Amino acid sequence: MRLSEYKYKNHRFLGCSEGGVYTAMALPQYRLLFDIGVGHTKFTDYPKLLLTHGHLDHSSGLAYYVSQRALRRLEAPSIYCPPEIADPLNRMFAIWAEIEGFEAAYNLVPVDYESLYQLQGNVYFRPIRSIHRVPSNGYTILEKNQKLKPEFQDLPGHEIAALKTQRNDLFYEHQNPIITFSGDTQIEFILENELVRRSKILFLECTYVDEKRPVERARKWGHIHLFEIAANADAFKDVERLFLIHFSPRYKQEIIVQQIKSALPPWLAEKTTPFLYSKDIRNINPPHRN
Ligand SMILES: [Zn+2]
Ligand SMILES: [Zn+2]
């Protein structure tokens, strides 16, 4: 199974995604994975796994991943997941330990939706509840900065320096979302989360793209249709690069590219990249490199 690689600015994404088949995405910069819907030695190096939900096309590589890391004597991986599936996952790992005759170490974290989890320096990730047929999360990687409150912004530097010595309420905490990964979800995940809409890079599931599988069907199965992205185009105005993932394998890759160009307004189609596996096709609309 071949992995695809895409770059945007200083970010690199290595993975694969097909609806109902597999989804797994590595971010070397943050040494983490979003989902592990397939066992692959390339994924063994990453010590953190942010699991969106338990459907097997997103989680079937779990046991292999944990076992491979133990075999290679790498540190126990941290696996973040929706709280409801922590218990069944622990049971599954126990059964695999019995089958393999070896107990591989792992650190399973049922996420707290109120928490930020530190990745490095001022970079954190936040789990955000999504809407699917089973308990599910999206994840946002963000920078946390101190920003001057608007009422002080017009003051000259020396006055701010003087004020700093007198009071400690000049700044507020600002969250600057860098990357969001949706997992499987209905479109409300974007419409109801400001942090997602402000993300510079958004990985969004888009399972269906044509009339043969209508919007109602996508919603019934907890997915997004390309036509819903078109109908809510305004929600994507702050996103710099929209990567669409999780296309149904029923579509030829040429059709996906065609549908994106015909269904989305040109300004949105221009910044949209379908995450595809075929080398010939996936460079039709390459991300801009600034
Ligand atoms: Zn899926
Ligand atoms: Zn799913």
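Everything here concerns the structure above.
Along every chain, residues carry numbers that run from 1 in the direction the sequence is written. Here chains are named by letter from A upward and ligands by number from 1 upward, in the order in which they appear as written. Reporting in this predicted model follows two pLDDT cut-offs: at least 70 for local features of residues, and 80 or more for side-chain atom pairs to be given and counted; totals over whole chains, interfaces and linings ignore these cut-offs and use all residues.

(A) Seen up close, the environment of H58. The way it works is that DSSP assigns letters per residue, a run of H or I at least four long becomes a helix, a run of E at least two long becomes a strand, and they are numbered from the N terminus. Secondary-structure assignment places H58 in helix α1 (residues 56-59). The exposure scheme places C-beta atoms from the backbone and then counts, for each residue, the other C-beta atoms within 10 Å of its own, assigning buried at 20 or more, exposed at 12 or fewer, and partly exposed in between. Judged by the 24 C-beta atoms lying within 10 Å of it, H58 falls in the buried class. In this structure, the C-alpha to C-alpha distance between H58 and V21, residues 37 residues apart in sequence, is 8.4 Å. Contact between two residues is assigned when their C-beta atoms, built from the backbone, lie within 7 Å. In this view, H58 contacts T23, D35, G37, L51, T52, H53 and G183; residues no more than four positions away in its chain are not counted.

(B) View of the sheet that holds strand β6 (residues 78-81). One open sheet holds the seven strands; their spatial order is β1-β2-β3-β4-β5-β6-β7, and the pairing between them is mixed. In the strand order of this sheet, the two ends are held by β1 (4-8) and β7 (107-110), each with one partner. Neighbour to neighbour, the strand axes of the sheet diverge by 20 degrees on average, direction disregarded. Two strands pair when backbone bridges link them, and strand β5 (residues 48-50) and β6 are joined in this way by three bridges, in the parallel orientation. Directly across from K48, in β6, lies its bridge partner S78. Strand pairing is assigned whenever DSSP identifies at least 2 bridges connecting the two strands. Geometry is summarised by axes, namely lines fitted to C-alpha atoms with helices restricted to the contacting stretch, and by angles between N-to-C directions that run from 0 to 180 degrees.

(C) Inspection of the nonpolar core at higher detail. Linking buried Ala, Val, Leu, Ile, Met, Phe, Trp, Tyr and Cys residues through C-beta atoms within 7 Å yields a set, and such a set is a nonpolar core. Of all hydrophobic cores here, the largest spans 64 residues; its most connected members are M25, L33, L49 and L50. Counting residues per element, this core draws most heavily on strand β3 (residues 22-27), at five residues.

(D) A look at helix α9 (residues 253-263). Within α9, the full set of buried residues consists of I256, V257, Q259 and I260. Relative to the axis of α9, the buried residues are bounded by an arc of 165 degrees and lie together on one face. Directions drawn from the helix axis to the C-beta atoms are what define this arc.

(E) Seen up close, the pairing of β7. As paired strands, β6 and β7 are joined by four bridges and run parallel to one another. Each bridged residue has a counterpart across the sheet, and for S78 the counterpart in β7 is N107. With its strands directed away from the observer, a crossover is right-handed exactly when the path from the first strand over the helix to the second travels clockwise. Read from β6 through helix α3 (residues 86-100) to β7, the crossover connection turns out right-handed.

(F) Focus on the sheet that holds strand β10 (residues 137-148). The seven strands lie next to each other as β8-β9-β10-β11-β12-β13-β14, forming an open sheet whose pairing is mixed. Strands with a single pairing partner mark the edges of an open sheet, and in this sheet they are β8 (117-120) and β14 (272-274). Shown here is a sheet whose adjacent strand axes are inclined to one another by a mean of 35 degrees, direction ignored.

(G) Examining the pairing of β3 more closely. Extensive coverage of β3 is indicated by the burial of six of its six residues. Residues Y22, A24 and A26 line one face of β3 and the alternating positions T23, M25 and L27 line the opposite face, and both faces are buried. Examined bridge by bridge, strand β2 (residues 11-18) and β3 share five bridges and lie antiparallel to one another. Considered in β3, the bridge of L14 is made with A26. From the end of β2 to the start of β3, which pair antiparallel, there are three residues, and G20 there has a positive phi angle of about 75 degrees. Of the pairings in the sheet, the one linking β3 to strand β4 (residues 32-36) comprises four bridges and is antiparallel in character. Among the inter-strand pairings, L27 is bridged to a residue of β4, identified as L32. From the end of β3 to the start of β4, which pair antiparallel, there are four residues, and R31 there has a positive phi angle of about 50 degrees.

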